[in-house]
Amino acid sequence: MRWATYVSPVDRAEHPGLLHSGAIHGLRDPARLIDLLGDDGTRLRAAADRALADPLDVIAEGNAVLRAPIPIPPSVRDFYAFEEHVVTAHRARGAEVNPDWYELPVFYFSNPAAIFGPRDDIAISPSSERFDYELEIAAIVGRGGSDLSPDDAETYIAGYTILADWSARDLQARERALNLGPVKGKDSATGLGPYLVTPDELEGKRSGNAYDLRMTAAVNGKPYSAGNFKDIYWTYGQLLAYASRGTHLRPGDVIGSGTVGTGCILELSMVHGADTFPWLQPGDHVRLDVEQLGTIETTIQPGRPIIPLR
């Protein structure tokens, strides 16, 4: 199944919708996709039958106004799980990867109040001059749990979606020099969508530590990033097990993979130079594609002026 959150022309409200035969079939109730989570997928399957049998409306995929599948998730954790990205970025700085990276699948918490849909414009973070995208995949937690085992934690995943981690690299660098963060450097926007794709849709692509899904990014039509989900170092079972250790995962929680190899301007510019891969500017068009999951497209907008603290 491929589920979206879309704006219905019937009542101008957000509804869950099932993508079927090139069209979004709207669900009359419940009003939120997150309310279909919480079990082993039975609710989603039953809702799919209702959406097809008695849709609120049927809208061609290209005409649908899409929100993020889970517009306000309970939490957003973003990991750092692709070895190629980690090694390349460290090597470009003349540094070695900390051996503990191979022992701890580290992550940070991002902002659930700053979620954007797959076709929304994105404003540059206030005062940033080094604005970047990160090409990632996210798992959406389907049922809650604590202290999960890596062997069965993947069964807690409702589906996968594309994650665009919009990043103010200059602010991020200042924060991390103070031994905290990234926080405000990642606080302005996270893109999700276009669909929550259930794991059974991807099972035939199982490969490596994940799935054989090609991931690409382009800026103004110029190819930038090219990687593959199967190359992730940590499995999603391991990521969810670590995220749930000593705490509780909730339905709708977003678990980001971190940047795929070559998946951001920071990495590309360190290797090939900032003239070849410049930072994002107002008017730039960014397109992120993941095989089987769809596309995020956005136009970069100017940032708001900052309000001085002192």
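Being a predicted model, the structure only gives us computed values, none of them experimental. Throughout, residues of each chain are indexed from 1 in the direction in which the sequence is written. At least 70 in pLDDT is required for a residue's local features to be given in this predicted model, at least 80 for side-chain atom pairs to be given and counted, and no such filter applies to totals for whole chains, interfaces and linings, which use all residues. Only hydrogens and water are set aside; all other atoms, that is, all heavy atoms of the structure, feed into the side-chain values.

**Q** Outline the overall build of the chain, listing residues and values.
**A** Secondary structure assignment for the chain yields five helices and 21 strands. Computation of the radius of gyration draws on C-alpha atoms, with the globule rule given as 2.2 Å multiplied by the number of residues to the power 0.38. Over its C-alpha trace the chain gives a radius of gyration of 19 Å, about what one expects of a compact globule, namely 19 Å for 310 residues. By principal-axis analysis of the C-alpha atoms, the chain measures approximately 60 × 45 × 40 Å. Throughout, exposure labels follow a simple rule: accessible area from a 1.4 Å probe, protein chains only, divided by the maximum for the residue type, with under 20% read as buried, over 50% as exposed, and the rest as partly exposed. Taking all 310 residues of the chain together, 52% fall into the buried category. A contact between two residues is defined here by any heavy atoms of the two lying within 4.5 Å. Excluding contacts between residues fewer than 6 apart, the proportion of contacts in the chain whose partners are at least 24 apart in sequence is 73%. As displayed, the chain offers around 13,900 Å² of accessible surface, 50% of which is attributable to carbon and sulfur atoms. Counting rule for charge: Lys and Arg are taken as positive, Asp and Glu as negative, and neither His nor the chain ends is counted. A single reference atom marks each charge: NZ on Lys, CZ on Arg, CG on Asp, CD on Glu. Averaging the positions of the 29 positive and the 42 negative side-chain charges in the chain gives two centres separated by 3 Å. The numbering of helices and of strands both runs from the N terminus, where a helix is a DSSP run of H or I of at least 4 residues and a strand a run of E of at least 2. Areas reported as accessible are Shrake-Rupley estimates using a 1.4 Å probe. Residue values count occlusion only from the protein chains shown.

**Q** Any details on helix α5 (residues 265-272)? Residues and values, ideally.
**A** When α5 is considered as a whole, its buried residues turn out to be Ile 265, Leu 266, Glu 267, Leu 268 and Ser 269. On the buried face of α5, the contacting elements are α2 (83-92), β10 (131-132), α3 (169-176) and β18 (222-228). Of the residues one or two after α5, Gly 273 is the one with positive phi, at around 100°.

**Q** How would you sum up the pairing of strand β12 (residues 157-165)? Please name residues and give values.
**A** Extensive coverage of β12 is indicated by the burial of nine of its nine residues. The rule for pairing is simple: two strands pair if DSSP sees at least two bridges between them. Relative to β12, strand β11 (residues 135-141) runs antiparallel, the two being bridged by seven bridges. Bridged to Ala 138 within β12 is Thr 161.

**Q** Got a sec to walk through unusual backbone geometry? Specific residues and values, please.
**A** For the bond running from Asp 29 to Pro 30, omega is 0°, close enough to zero to count as cis. Along the polypeptide, Pro 30 turns up in the loop between β3 (23-26) and α1 (42-53). Gly 181 connects to Pro 182 through a cis peptide bond whose omega is 5°. Counting through the fold element by element, Pro 182 comes out in the loop between α3 and β14 (190-197). Phi at Ser 21 takes a positive value of approximately 55°, unusual for a residue other than glycine.

**Q** Account for the packing of aromatic side chains, naming residues and giving values.
**A** Any two rings among Phe, Tyr and Trp, with Trp reduced to its six-membered ring, count as a pair given centres within 6.5 Å; such a pair is stacked if its planes are under 30 degrees apart, edge-to-face if over 60, and tilted if neither. Under the criterion given, the structure shown has 15 aromatic pairs. Plain terms: the ring middles of Tyr 160 and Tyr 211 are 5.6 Å apart, the flat faces sit at 75° to each other, and that makes the pair edge-to-face. Highlighted residues: Tyr 160 in strand β12 and Tyr 211 in strand β16 (residues 210-211), separated in sequence by 51 residues. Looking at Tyr 160, the relative accessible area reads 2%, which means it is buried. Pairing Tyr 160 with Tyr 236 gives two aromatic rings, centres 5.7 Å apart and planes at 80°, and the pair type is edge-to-face. With Tyr 160 in strand β12 and Tyr 236 in helix α4 (residues 236-244), the pair connects residues that are 76 residues apart, well separated along the chain. Accessibility expressed as a relative area gives 2% for Tyr 236, which makes it buried.

**Q** Give me the side chain of Glu 175: which residues, what numbers.
**A** Tracing the sequence through the fold places Glu 175 in helix α3. Throughout this description, the term salt bridge denotes a Lys or Arg side-chain nitrogen within 4 Å of a carboxyl oxygen of Asp or Glu. Despite its burial, Glu 175 remains without a salt bridge, the nearest opposite charge being carried by Lys 184 at 7.6 Å. Within the structure, the side chain of Glu 175 is placed 2.7 Å from the backbone nitrogen of Lys 184, a separation counted as a polar contact. In this structure, Glu 175 is in contact with Leu 180, Pro 182, Val 183, Lys 184 and Gly 185, ignoring residues within four places of it in sequence. Think of a polar contact as two N or O atoms within 3.5 Å of one another; within protein, one of them needs to be a possible hydrogen donor and the other a possible acceptor, and neighboring residues in sequence only count if both atoms come from side chains.

**Q** Lay out the nonpolar core with the relevant residues and their values.
**A** By size, the foremost hydrophobic cluster in this structure holds 65 residues, and its most contacted members are Tyr 133, Tyr 160, Trp 166, Phe 229, Tyr 236, Leu 280 and Leu 293. Think of a nonpolar core as a cluster: buried Ala, Val, Leu, Ile, Met, Phe, Trp, Tyr and Cys residues, connected wherever their side-chain atoms sit within 4.5 Å. Core analysis: the next-biggest nonpolar cluster, separate from the first, contains 23 residues, Met 1, Trp 3, Leu 27 and Leu 196 among them.

**Q** Outline the pattern of salt bridges, listing residues and values.
**A** Should their charged atoms come close, side chains of opposite charge can pair. Enumeration according to the criterion identifies 16 salt bridges in this entry. Residues Arg 67 and Glu 14 are paired through a salt bridge, measuring 3.3 Å at the closest nitrogen-oxygen approach. Separated by 53 residues along the polypeptide, Arg 67 in strand β5 (residues 66-67) and Glu 14 in strand β2 (residues 14-20) bring together distant segments of the chain. By relative accessible area, which is 30% here, Arg 67 ends up partly exposed. Owing to a relative accessible area of 36%, Glu 14 belongs among the partly exposed residues under this scheme. Here Lys 205 and Glu 291 are joined by a salt bridge, their closest N and O atoms 3.0 Å apart. Highlighted residues: Lys 205 in the loop between β14 and β15 (206-207) and Glu 291 in the loop between β20 (285-290) and β21 (294-301), separated in sequence by 86 residues. What you see here is one network of salt bridges that share partners, running through Asp 132, Glu 134, Asp 165, Arg 169 and Lys 186.

**Q** Any details on the side chain of Glu 134? Residues and values, ideally.
**A** Take Glu 134: it is sitting in the loop between β10 and β11. Among the polar contacts made by the side chain of Glu 134, one reaches the side chain of Ser 167 at a distance of 3.2 Å. A distance of 2.3 Å separates polar atoms of two side chains, one belonging to Glu 134 and the other to Lys 186.

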